[in-house]
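Structural characterization, general
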Amino acid sequence: MKVLLSTFALPAILALGYANALTPKPMQTYYVPLPESDVFSSTFKVINSGARSDVMSVVSVAISIDGTVVWYDHWEDGYDASTKSTGPTTKVWGDGDASNGCAPGVSPCTNQKDVLTAGQSILMENWVKLPRQPSVIRYDGGDRIQASFPIAVTRAEYPNRPGSLLAGGVEVLPTEKWGRDFVIPVGQDITARLFSEAFQYTAVYVMAGTDDTMITLPNGSIITLNRGESHQMRIANMGAKISADSDVQVHILAGDIGSTYEMRWYSLLPENKWSKEYLSPVGDSTGQPRVIVYNGGTTSISVNYEYYASTSSNNPRRRVLQVGPNDIARSDIIPTGSGARFTSTKDFFALSMTDTKANGRVPGEDTWGQIYDWGFPLVPVNQLSSQVLIGWGYGCTGSVCSGRHGNSRSKVFVSPMEDADLYVDFDNNGVHNTKITARRLSSTKIVDNGDDDMSGAIIWATKLNSGPLGPPVEIAAAWGQDGSASYSGDNSALDLGTVVVPFYTVTVKHFVELDNDQNNDGVVNPGDTLLYTIRVQNLGQDDVQINDLDITNNGVPILTTYIEDSVWYYPDGGLAPIKIPDKTQGTPNPLDSTGIPNPVKLTKRGGTHDIIFKVVTQGTEDRIIYNDGTILQAHERPDLPFDVDIPLVVPAGQPKGTNNDTPDVCIPPGARREQRRRRRHLAAQEANEINSATFPLST
């Protein structure tokens with residue numbers, strides 16, 4: 001890692017008596033997917049015609065860092081324009097102000113108790129009565145969750161009858177992991193008995209995060225969704241394509257029609273995030289998981305994979321799958337104690353499917369694919385992290401383990417990319433409770449025997465024998481049912497599971513806001529001043545030392561003017577802001593080109609720094625102002641890109657140019673719709689309509 005302090009004079013420290021904490025900002029945004037009314041009528045009733053409402057809605061939020069603030073925005077009265085101004089049904093947890101609510105389970109709700117701590121799991125469980133009445137506030141599909149530090153969110157549902165045996169669960173991805181172009185890797189045309197009719201029913205649920213999102217469906221028709229609205233459709237054939245002009249989240253719900261219980265839920269990555277290499281952490285000789293790989297290309301591909309045939313094997317077994325264009329293939333059963341690694345020379349998609357015993361193949365031993373049925377999407381190796389935060393991690397239904405086995409039916413499965421030591425902190429209090437040595441490609445099952453609940457736990461890996469702060473090792477993880485701990489008719493078993501989303505040690509987000517609105521119209525116009533904030537957070541178990549980060553910005557946005565001497569570095573922990581001098585050669589903005597190193601260390605488990613700068617806008621054409629940059633990390637850790645955009649609107653009466661007047665300015669498709677969205681939103685605010693009750697549309 002290059003040291004760049006020598007590129008400018010030592011920063012001057014401005015003694016301002018700076019406050020201890022930086023203002024909380026929403027580092028992540030989630031929308032709770034899968035509206036209950038749709039899932040009940042379009043999925044539960046198809047899989048099991050005897051299903052009866054109401055629907056149990058489960059939303060789990062795991063807290064990673066002490067002092068996190070969570071904004072929970074119910075859809076029923078419309079979404080808030082900003083976390084700075086919340087509506088009457090929005091709850092703000094962890095801000096020390098009991099008047100806007102405390103997290104569920106906190107009683108009595110007082111200012112002193114309105115605090116969120118690392119390892120805390122906020123579980124929102126309530127019955128949603130159907131048909132859904134927007135006048136009744138519930139924790140359910142369509143709600144928006146924002147957090148000042150990264151969190152883990154899990155979504156689950158099951159009908160009143162037959163209960164949790166017909167349950168589905170899925171990881172929820174933050175909006176920065178959404179996308180615009182999706183290929184559905186499975187479909188109802190997968191009829192082979194070898195897949196236990198698992199995709200006889202295949203549906204996708206698409207949810208928008210931006211108003212006026214135009215979505216092109218597989219049949220070429222176009223629908224429009226506003227943020228929080230959902231559209232459900234059946235998928236007849238694998239390879240169906242869905243595209244949108246703004247980011248959306250997509251989930252696959254699949255099952256065996258009329259099977260009573262067999263069902264699996266998957267989140268779907270956009271096509272541009274597919275990869276050539278994946279790692280599955282789940283091995284289960286009883287549940288018999290297999291990995292399904294899908295080739296979305298136009299030519300055949302070979303997918304190589306490896307796994308351990310048994311825990312005593314010294315060398316992995318290697319196999320090759322030949323996968324035709326727009327086709328799937330399945331792996332061998334991945335046994336207990338082994339993970340599985342899949343590679344190809346072309347991008348492909350992979351998902352795990354547990355309980356693959358074919359119907360009628362083994363009389364007396366067949367599970368018919370519905371006792372241990374769960375699945376998850378594999379995470380590409382280039383997106384793995386060295387630590388994970390467990391979202392919903394119950395060991396049993398209601399976290400009460402009873403029945404024949406009396407222990408956790410669901411467990412966390414972890415597989416490292418190389419020989420490693422796994423450190424498990426059940427309470428996420430900064431002190432690991434146990435260390436587990438794990439060889440490359442192994443599958444380690446982890447449970448909390450103290451309370452049968454892994455929710456909120458954090459697990460990280462370092463190189464073998466290097467200690468808890470040694471060089472990191474990437475891991476894959478999933479939470480789900482362990483076949484060896486479950487049995488038919490086990491009401492304590494949760495018939496579901498999820499992938500555990502990677503949890504990076506350092507995270508960054510870019511913000512932009514109006515700093516000087518000359519005509520006070522709340523819209524960015526030419527001549528207004530914009531304030532950019534780059535917020536960096538350290539979520540790891542060790543400090544990020546001085547000069548370990550290199551913060552660069554790819555130039556100020558086109559058709560804006562940098563305000564000289566506006567770059568400041570704001571550490572947390574009560575330290576004063578640091579003035580970063582302008583450059584004397586080239587562009588004056590010190591973030592341009594070579595960038596700046598972090599002049600103060602980011603403390604472990606929550607250290608937060610802000611880097612700010614200002615620009616003045618200009619131009620004669622409505623457009624999108626876009627800005628981006630990258631944080632380069634030392635010690636061979638991955639680069640961290642960041643970006644943000646905001647619409648510029650030329651006021652009525654002011655001379656306007658055309659796109660041809662500024663050919664060097666990229667005006668992205670859909671920019672004009674962004675302007676219309678903003679204008680309608682402002683008009684709704686003025687008419688006090690922003691809080692009118694509108695149910696998230698399910699089309």
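The structure contained in this document is the topic of the report that follows. Nothing here was measured: the structure is a model prediction, and the numbers come from that model. (Residues numbered from 1 in each chain as written. Predicted model: local features only at pLDDT ≥ 70, side-chain atom pairs only at ≥ 80, totals over all residues. Heavy atoms only, no water.)

Attention now goes to the overall build of the chain. Along its length, the chain carries 2 helices and 42 strands. For the chain, the proportion of its 699 residues judged to be buried stands at 59%. Across the chain, every contact between residues at least 6 apart in sequence was considered, and the portion connecting residues at least 24 apart equals 77%. Accessible area for the chain stands at about 26600 Å²; split by element, carbon and sulfur atoms hold 49% of it. (Helix = DSSP H or I, 4+ residues; strand = E, 2+ residues; numbered from the N terminus. Buried < 20%, exposed > 50% of the residue type's maximum accessible area, 1.4 Å probe, protein only. Contact = heavy atoms within 4.5 Å. Areas by Shrake-Rupley, 256 points an atom, 1.4 Å probe, with all protein chains shown as cover.)

A few words now on the nonpolar core. Within the largest apolar cluster, 64 residues are counted, with the highest numbers of intra-cluster contacts made by Ile 184, Ile 215, Val 293 and Phe 342. With sequence-adjacent residues up to four places away left out, Ile 215 is seen in contact with Val 206, Ser 221, Ile 222, Ile 223, Leu 225, Ile 242, Ser 243, Ala 244 and Val 248. Ranked by size, the runner-up nonpolar core spans 30 residues in total, among them Val 508, Val 600, Ile 625 and Ile 646. (Core = buried A, V, L, I, M, F, W, Y, C linked by side-chain atoms within 4.5 Å.)

Turning next to the sheet that holds strand β27 (residues 420-425). The antiparallel open sheet is built from 4 strands, whose spatial order is β25-β30-β27-β28. Two strands close off the open sheet at either side, each with one partner strand: β25 (387-389) and β28 (434-438). Sheet twist, expressed as the mean angle between neighbouring strand axes with direction ignored, is 20 degrees. Sheet topology note: the β27/β28 ladder contains 5 bridges and is antiparallel. Among the inter-strand pairings, Val 424 is bridged to a residue of β28, identified as Thr 434. (Pairing = 2+ DSSP bridges. Axes fitted to C-alpha atoms, helices over the stretch in contact; angles between N-to-C directions.)

It is worth spelling out the packing of aromatic side chains at this point. In this structure the tally under the stated criterion is 17 aromatic pairs. Centre to centre, the rings of Trp 274 and Tyr 294 are 6.0 Å apart; their planes meet at 85 degrees, and the pair counts as edge-to-face. Of the two residues, Trp 274 is situated in the loop between β16 (263-268) and β17 (275-280) and Tyr 294 in strand β18 (residues 290-295); the sequence distance between them amounts to 20 residues. Tyr 294 matches Trp 274 in its accessibility class, with the two residues each being buried. Pairing Tyr 423 with Trp 460 gives two aromatic rings, centres 5.7 Å apart and planes at 20 degrees, and the pair type is stacked. (Phe/Tyr/Trp six-rings, centres within 6.5 Å; stacked < 30°, edge-to-face > 60°.)

Our focus in this paragraph is the sheet that holds strand β42 (residues 640-648). If you trace the 4 strands from one edge of the open sheet to the other, you get β39-β35-β41-β42, paired in antiparallel fashion. The two strands at the open ends of the sheet, each matched to only one other strand, are β39 (596-597) and β42.

All chains considered together, the criterion is met by 2 disulfides. Covalently, Cys 102 is tied to Cys 109 through a disulfide, its sulfur atoms 2.0 Å apart. Of note, the bridge from Cys 102 to Cys 109 carries an S-S torsion of about 80 degrees and is right-handed in sense. For Cys 109, a relative accessible area of 34% gives the class partly exposed. Each disulfide pairs two cysteine sulfurs, and for Cys 396 the partner residue is Cys 401, the sulfurs being separated by 2.0 Å. What sets the handedness of the Cys 396 and Cys 401 disulfide is the S-S torsion sign, and at about 105 degrees it is right-handed. Comparing Cys 396 with Cys 401, the two get one shared label, buried. Each bonded cysteine of the chain is numbered by sequence order, and under that numbering the disulfide pairs are 1-2, 3-4. (Disulfide = S-S within 2.5 Å.)

Now for unusual backbone geometry. When glycine is set aside, most residues are seen to have a negative phi, and most peptide bonds are trans. Residue Asp 54 is reached from Ser 53 by a cis peptide bond, and omega for that bond is 15 degrees. As for its placement among the helices and strands, Asp 54 is situated in strand β3 (residues 52-63). Of note, the bond from Ser 107 into Pro 108 is cis; its omega dihedral lies within 30 degrees of zero at -5 degrees. Along the chain, the position of Pro 108 falls in the loop between β5 (91-93) and β6 (121-128). In this structure, Asp 565 takes a positive phi of about 60 degrees despite not being glycine. Counting through the fold element by element, Asp 565 comes out in the loop between β36 (560-562) and β37 (568-570).

Summed over the entire model, instances satisfying the criterion amount to 23 salt bridges. For Asp 73, the salt bridge identified is with Arg 144, shortest N-O distance 2.9 Å. Taken as a pair, Asp 73 in strand β4 (residues 70-73) and Arg 144 in strand β7 (residues 144-147) lie far apart in primary sequence, 71 residues in all. Residue Asp 73 is classed as buried on the basis of its relative accessible area of 2%. Here Lys 601 ties to Asp 543 by a salt bridge, and the two come within 3.2 Å at their closest N and O atoms. Placement of the pair is Lys 601 in the loop between β39 and β40 (607-617) and Asp 543 in the loop between β34 (529-538) and β35 (549-553), with a sequence separation of 58 residues. Taken together, the salt bridges that share partners define one network made up of Glu 277, Glu 306, Arg 318, Arg 341 and Arg 440. (Salt bridge = Lys/Arg side-chain N within 4 Å of Asp/Glu carboxyl O.)

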